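Below are the chains, spelled out letter by letter.
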Amino acid sequence: MVFPDKSIGVRAEVTKKLSAVLALFTVCSAAALGALAWLTLEHREAKGGLPAAVIAAVGIAVVALPALLWVSVAMIRRALFGLRSSLERGEAHLREAQGVARLGSWERDFATGKLAWSEGIYILFGLDPAKFEPSIEAFYERVHPEDREAVRASMTRALETGERYEADHRIVLPDGAV
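Okay, so let's go over this structure. (Residues numbered from 1 in each chain as written. Predicted model: local features only at pLDDT ≥ 70, side-chain atom pairs only at ≥ 80, totals over all residues. Heavy atoms only, no water.)

1. Quick notes on the side chain of His-144
Now for step 1: Within the secondary structure, His-144 is located in the loop between α4 (136-142) and α5 (148-161).
Now for step 2: Contact partners of His-144, with chain neighbours within four places excluded, come to Arg-170, Ile-171, Val-172 and Val-178. (Helix = DSSP H or I, 4+ residues; strand = E, 2+ residues; numbered from the N terminus. Contact = heavy atoms within 4.5 Å.)

Here you go:
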């Protein structure tokens, strides 16, 4: 079975939207600061006093930059809310499709060695998620003994080469059925 990683597309979409918002914020901030610098240089008084134009520019910057920041944060929140809703809908569709097709998916965290199983995997393996903690060792224990070496070799090859992990194998259910 092949288990596609849908999170890559979501990460790319989040990065794209946040980059656009941050670019807008950067450009507006630079424009405000540039205007302030220009006004300061253009209207500098010989006696060292600040002209009214500089004081006005500072006032505008003090008011405009927080407002711009607030708008940027609001845009980021709106983008993230939309992405979260989209991700939740996608996850619901994936759960439904896996249930209909009697499939499941799993992920492995290589830093901790822990596995995360979808609802479908628990169902396929005949296990209760409340009573079973998935691990790579527990997975291998449930692979049919005649298939274990091929599954391990496929997993090792995927880790060493970066290829997708694919393995067709039998599983042994808790009651001993295959």
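2. Thoughts on the nonpolar core
Now for step 1: Of all hydrophobic cores here, the largest spans 19 residues; its most connected members are Trp-106, Trp-117, Phe-125, Phe-139, Val-151 and Tyr-165.
Now for step 2: Those elements giving two or more residues to this core turn out to be β2 (115-117), α3 (119-125), α4 and α5.
Now for step 3: The element that contributes the greatest number of residues to this core is α4, accounting for four residues.
Now for step 4: Among all residues touching Phe-125, those that are not within four sequence positions of it are Trp-117, Phe-139, Arg-142, Ile-171, Leu-173 and Pro-174. (Core = buried A, V, L, I, M, F, W, Y, C linked by side-chain atoms within 4.5 Å. Buried < 20%, exposed > 50% of the residue type's maximum accessible area, 1.4 Å probe, protein only.)

3. Brief notes about α5
Now for step 1: With 14 residues, α5 extends 20 Å from end C-alpha to end C-alpha; this agrees with the ideal 20 Å at 1.5 Å per step.
Now for step 2: All of the buried residues in α5 are Val-151, Ser-154, Met-155 and Ala-158. Down the axis of α5, the smallest arc covering the buried residues is 95°, so these residues share one side. Opposite its buried face, α5 presents the exposed residues Glu-149 and Glu-160, each directed more than 90 degrees away. (Expected span 1.5 Å × (residues − 1). Arc of directions from axis to C-beta.)

4. As for the pattern of salt bridges
Now for step 1: Scanning the model with the defined rule gives three salt bridges in all.
Now for step 2: We note a salt bridge from Glu-146 to Arg-170, for which the minimum N-O separation is 3.2 Å. Taken together, the residues Glu-146 in the loop between α4 and α5 and Arg-170 in the segment after α5 connect sequence positions 24 residues apart.
Now for step 3: Close ionic contact of Asp-147 with Arg-170 constitutes a salt bridge, the shortest N to O distance being 3.0 Å. Of this pair, Asp-147 sits in the loop between α4 and α5 while Arg-170 is found in the segment after α5, placing the two residues 23 residues apart along the sequence.
Now for step 4: With a relative accessible area of 15%, Asp-147 lands in the buried category.
Now for step 5: Look at the salt bridges and you will find they share partners, linking Glu-146, Asp-147 and Arg-170 into a network. (Salt bridge = Lys/Arg side-chain N within 4 Å of Asp/Glu carboxyl O.)

5. Some words on the packing of aromatic side chains
Now for step 1: A complete count under the given rule lists seven aromatic pairs for this structure.
Now for step 2: An aromatic cluster is defined as three or more aromatic residues linked by ring pairs; in this entry it consists of Trp-106, Trp-117, Tyr-122, Phe-125, Phe-132, Phe-139, Tyr-140 and Tyr-165.
Now for step 3: The aromatic ring of Tyr-140 is capped on one face by Arg-152, whose charged end is 4.0 Å from the ring centroid. (Phe/Tyr/Trp six-rings, centres within 6.5 Å; stacked < 30°, edge-to-face > 60°. Lys NZ or Arg CZ within 6 Å of the ring centre and 35° of its normal.)

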